[in-house]
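A look at the structure
Next come the chains, spelled out residue by residue.
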Amino acid sequence: MQELYFLLLLLASSGNSILIVILLKRTVNSPILSTFVVLLLLINFWSIPQLLLITYEFNENLFIAIDKISAIGYVFIPVAMSLFALAYTGSLTTAKSLAYILGVYTPSIIFLYFAWNTNLIESRNYSEIIKTTWGNAVPTGSLFPIMVIWFELISFYSIFIIWQMSKKTFDGLRKKQSILLIIAIAIPIIFGTITNGILPALHISVFPVAIPLTTITAMITTYAIYKYGLFELSTLNVISSIGNGVVIINTQRKIVLINDVARDLLGLRNEKVYEKTFEDVLTLKSATYNSTAKHGKNSISYVLTTGKHIKAHDFFMKSKFRKTFSAECTISPMLQNGNVIGVTIIFRDNSHEKAVEKSKNEFISIASHELKTPLTSVIAFSQLLEKDIIKKGDQQNLYIIHSINEQLGKMKVLIEDLLNVSRIENGMFTLSKKEHSLESLVQKTVKDMQYGIDTHKLVIVGGTKRKLNFDIDRIYQVLVNLISNAVKYSPHAKHVYIFIEESEKEVIIRVKDSGIGIAKKDQEKIFERFYRSNKFHQKSMVGFGLGLYICAEIIRNHKGRLWVESKQNKGSDFFFSLPYSGD
Ligand code: ADP
């Protein structure tokens, strides 16, 4: 019997030591592994003295020294165990709470004090040592049962917090890990308490199994750490910790992963969603007819079949358990060897921003409407006045009234732009398309504009005999915008060229100036609302930064393209195309 116990203790101590060495280099930056290694170390503090105790005859002093080391082990094992459980469940901050200090740290230090200085925990008298069939055993004192109870409470507390976490987590792998840990803690605790705690307290000596069992479970856990990367930062941990909703589906559209934020946003906290299809759980819709989320309901199919990303801020999401909410959403393909094997949907609720934006749009809409009505009559009266002044030949006042009318014209354009933006935002921007000659429209626009421009000559190059289907007023608006920008942003130039070219599928209009140009970084942004590049020019040139945004919207609704090629200080070429088959 003694040989068996010796062998078990020897195996346990050396096994634990090997584990400590193996794990030590992985502990950096991992509180979970660090606490686990400390736990193993303390088990050794406890088991090696036991090993020595059964093998050697000691003198009193050496016995006390060895017993002190052993006390460090068994007194701090529950502390390390609970710290490990807290680290594993991500609640290490609890270790700083008053309750924890009073319930865990303080008793451990008190027990250590008694173990070192009194016979209340274990006898420190070597002559009292009991010879058993497996070796030497130390008689226990009156405080020993209390320490065992405390040990039990802490162990069950540790098991309890891991169990709580396993109940909450939706991550299947983590659930399995937690169950493994609970078993790993419970087995040595239950059997060890009986053989090393309760029975010795009743002065019944049985074969003590605590140390061998602890070592076996520590070995299983270490194997799991190595084999399954247990406790390491797994992809699943990372996805769970992302602050946005994440849903991953496979090619059969079944949900394979959903993080807690997604569950919260969709009201799916307690629903079983794995193995259900995406459509069973939620609906994706695009917001307005001109939405950037243009694929709407078919977004998932689009990404699955094309392998392309979709990113949009104007999706509507709805689950069976939560009302429709507005969401910003990125739908990306998951690729393996070039094949789409699934889709990741990352989203966040942007209802608040949308509400703010809506009230801003409402304000713009109301303000521009209210301004337009009085302005229209002011313009009408002032034109009457101009006619009257011309009739009277009053040269001095003619100049004044002419300037007034010019400024009123600019104001009208700005207000029209604001009105158009609110129409676009509210999905009220409609087109009335008919067959027209684009060349004739360009000629008319240039003629109208040249009338009011004496700084530049507008030159048309090329032409097209084709008739295209478009909204004549809107395309006129685009031409006016591009040409007036070309004039406005090339103050030192003499010409602006308007090219009309035919390509295979579309007619392309190019408005070319040799003005200030646009920096590369601004070229994408100038088509956004209210964006104006070059702060210096902003001051001297009137504008809201809305013209190109409206043009882009008009061209997009004609299924055409609008783009720019530009070099700073050299000039800009603005292109737009209208397809032959525009319906
Ligand atoms: P606005 O002219 O009212 O500022 P736009 O939307 O028409 O608004 O243009 C946005 C910005 O793009 C302008 O502020 C200007 O910085 C830049 N831009 C537009 N057209 C030209 C051009 N032809 N040359 C240089 N910059 C231009």
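All residue numbers refer to position in the chain's written sequence, counted from 1. Since the coordinates come from a predicted model, pLDDT governs what is reported: local features require at least 70, and pairs of side-chain atoms require 80 or more to be given and counted, while whole-chain, interface and lining totals use all residues. Side-chain metrics in this entry use all non-hydrogen atoms of the structure; hydrogen atoms and water are not considered.

Section: the overall build of the protein chain
Short version of the rule: Helix numbering and strand numbering both begin at the N terminus, where a helix is a DSSP run of H or I of at least 4 residues and a strand a DSSP run of E of at least 2. Atoms considered for the radius of gyration are the C-alpha atoms alone. The globule rule reads 2.2 Å times the number of residues to the power 0.38. Only protein chains enter the accessibility calculation, which uses a 1.4 Å probe; a residue is then buried when its area is under 20% of its type maximum, exposed when over 50%, and partly exposed in between. By the convention used here, residues are in contact when the closest approach between their heavy atoms is within 4.5 Å. Surface accessibility in these figures is a Shrake-Rupley result with a 1.4 Å probe; residues are shielded only by whichever protein chains are displayed.
Scanning the protein chain from N- to C-terminus turns up 18 helices and 15 strands. For 583 residues, the compact-globule estimate of 2.2 N^0.38 gives 25 Å, and the C-alpha radius of gyration of the protein chain, at 40 Å, exceeds that figure by more than 25%. In terms of principal-axis extent, the alpha carbons of the protein chain reach across some 135 × 50 × 45 Å. Expressed as a percentage of its 583 residues, the buried residues of the protein chain come to 46%. If you take every contact in the protein chain between residues at least 6 apart in sequence, the share linking residues at least 24 apart comes to 63%. If you sum the accessible surface of the protein chain, you get close to 30,800 Å²; carbon and sulfur atoms cover 62% of it.

Quick look at the site of the ligand
Selection rule: Nearness of a residue to a molecule or strand requires only that one of the residue's heavy atoms be within 4 Å of it. The definition of a polar contact used here is a pair of N or O atoms within 3.5 Å, where within protein one atom must be able to donate a hydrogen and the other to accept one, and adjacent residues in sequence count solely through side-chain atom pairs. Charged means Asp, Glu, Lys or Arg here, nonpolar means Ala, Val, Leu, Ile, Met, Phe, Trp, Tyr, Cys or Pro, and polar covers whatever is left, Gly included.
Neighbouring the ligand are 20 residues; Asn485, Asp513, Arg532, Ser533 and Leu548 lie closest to it. Taking Asn485, its side chain carries an N or O atom lying 2.8 Å from an oxygen atom of the ligand. Protein coverage of the free-state accessible area of the ligand, which is 530 Å², stands at 97%. Where the shell around the ligand is concerned, the elements lending two or more residues are α15 (472–488), α18 (547–557) and β15 (571–579). With three residues, the single largest contributor to the shell around the ligand is α15. Of the residues assigned to the shell around the ligand, the class counts are 10 nonpolar, seven polar and three charged.

Focus: the sheet that holds β15
This is how it is decided: A pair of strands is labelled paired if DSSP reports no fewer than 2 bridges between them. The convention used is that axes are lines fitted to C-alpha atoms, helices contributing only their stretch in contact, and that angles between N-to-C directions extend from 0 to 180 degrees.
Taking strand neighbours across the sheet as the criterion, the five strands line up as β10-β12-β13-β15-β14 in an open arrangement whose pairing is mixed. On the outer flanks of this sheet lie β10 (457–462) and β14 (561–567), each paired with one strand and no other. Taking each pair of neighbouring strands and ignoring which way they run, the sheet shows an average axis angle of 15°. Bridge count between strand β12 (residues 495–502) and strand β13 (residues 506–512): six bridges; the pairing is antiparallel. Residue pairing for β13: Tyr497 is matched across the bridge by Lys512. On top of the sheet, α15 reaches β10, β12, β13, β14 and β15; it is set at about 170° to β15, its chief contact. This element, α18, spans β14 and β15 of the sheet and lies at about 140° to β14.

Quick look at the packing of aromatic side chains
Stated precisely, the cut-off is as follows: Ring pairs shown here join Phe, Tyr and Trp side chains whose ring centres sit within 6.5 Å, with only the six-membered ring taken for Trp; geometry is labelled stacked below 30 degrees between planes, edge-to-face above 60, and tilted in between.
By the definition in use, this model includes eight aromatic pairs. Summarising the aromatic geometry, the rings of Tyr113 and Phe114 are spaced 5.7 Å apart at their centres and angled 75° between planes, so their arrangement reads as edge-to-face. Here Phe114 falls in the partly exposed class, since its relative accessible area comes to 23%. Seen in terms of ring centroids, Tyr497 and Phe499 are 6.4 Å apart; in terms of plane orientation they differ by 40°. Their pairing is tilted. Residue classification places Tyr497 among the partly exposed residues on the basis of a relative accessible area of 30%. Judged by relative accessible area, Phe499 falls into the buried class, the value being 16%.

Some thoughts on helix α13 (residues 395–425)
Worth spelling out the cut-off: A helix's residues, less one, multiplied by 1.5 Å, set its expected span.
For α13, which comprises 31 residues, the first-to-last C-alpha distance of 46 Å matches the rise-based estimate of 45 Å (1.5 Å per residue) to within 8%. Buried within α13 we find Ile401, Asn405, Leu408, Ile415, Asp417, Leu418, Leu419, Asn420, Val421, Ser422 and Ile424. For α13, the secondary structure elements touched by its buried residues are α12 (351–392), α15 and α18. Remark: Gly427 follows α13 within two positions and exhibits a positive phi of approximately 70°.

Notes on unusual backbone geometry
Phi is positive for Asn337, close to 50°, though the residue is something other than glycine. With a phi close to 65°, Asn569 is a non-glycine residue in the positive phi region. By the secondary structure assignment, Asn569 is in the loop between β14 and β15.

Remarks on the nonpolar core
For clarity, the threshold we go by: Residues belong to one nonpolar core when they are buried, are Ala, Val, Leu, Ile, Met, Phe, Trp, Tyr or Cys, and are joined through side-chain atoms within 4.5 Å.
Judged by nonpolar contacts, the single largest core of 58 residues is most densely connected at Leu40, Tyr74, Ile77, Ile121, Met147 and Ile162. Breaking this core down by element, the ones donating at least two residues are α1 (2–24), α2 (31–55), α3 (60–88), α4 (98–117), α5 (144–168), α6 (172–201) and α7 (210–228). Per-element accounting of this core gives the leading share, 13 residues, to α3. With near-sequence residues (within four places) excluded, Tyr74 lies in contact with Trp46, Ala115, Ile121, Glu122, Met147 and Phe151. If you look at the next biggest cluster of nonpolar residues, it comprises 42 residues, including Ile453, Leu458, Val478 and Ile555.

So, the pattern of salt bridges
Cut-off, in case you're wondering: Criterion for a salt bridge: a side-chain nitrogen of Lys or Arg within 4 Å of a carboxyl oxygen of Asp or Glu.
In this structure the tally under the stated criterion is 15 salt bridges. A salt bridge links Asp388 to Lys392; the shortest N-O distance between them is 3.3 Å. Of this pair, Asp388 and Lys392 both sit in helix α12, four residues apart, which is roughly one turn of the helix. Of the charged contacts, one joins Glu506 and Arg561 as a salt bridge, the two residues approaching to 2.4 Å between their closest N and O atoms. Taken together, the residues Glu506 in strand β13 and Arg561 in strand β14 connect sequence positions 55 residues apart.

Remarks on the confidence of the model for the protein chain
Our working rule: The pLDDT score gives, residue by residue, the confidence of the prediction method on a 0 to 100 scale.
Averaged over all residues, the pLDDT of the protein chain equals 84, while 91% of them reach at least 70. Below pLDDT 50 for its whole length, residues 288–293 participates in 16 contacts with residues either more than four positions away or in separate chains.

A short note on the pairing of β14
Going residue by residue along β14, you find Leu562, Val564 and Ser566 tucked away on one face and Arg561, Trp563, Glu565 and Lys567 left uncovered on the opposite face. Here seven bridges tie β14 to β15, and the two strands are oriented antiparallel to one another. Bridge pairing links Trp563 to Phe575 in β15. Between the end of β14 and the start of β15, which pair antiparallel, lie three residues, with Asn569 showing a positive phi angle near 65°.

So, the environment of Ile72
Mapped onto the secondary structure, Ile72 falls in helix α3. As for Ile72 and Phe84, which are separated by 12 residues in sequence, their C-alpha atoms are 18 Å apart. Sequence-distant contacts of Ile72, defined by excluding residues within four places in its chain, comprise Leu42, Phe45, Leu112 and Trp116.

Re the side chain of Glu386
For the record, the criterion: When charges are counted, Lys and Arg are positive and Asp and Glu negative, with His and the chain ends excluded.
Residue position: Glu386 is located in helix α12. Look at Glu386: it is buried, it has no salt bridge, and the nearest opposite charge is Lys387 at 8.6 Å. A polar side-chain atom of Glu386 sits 3.4 Å from a polar atom in the side chain of His402.

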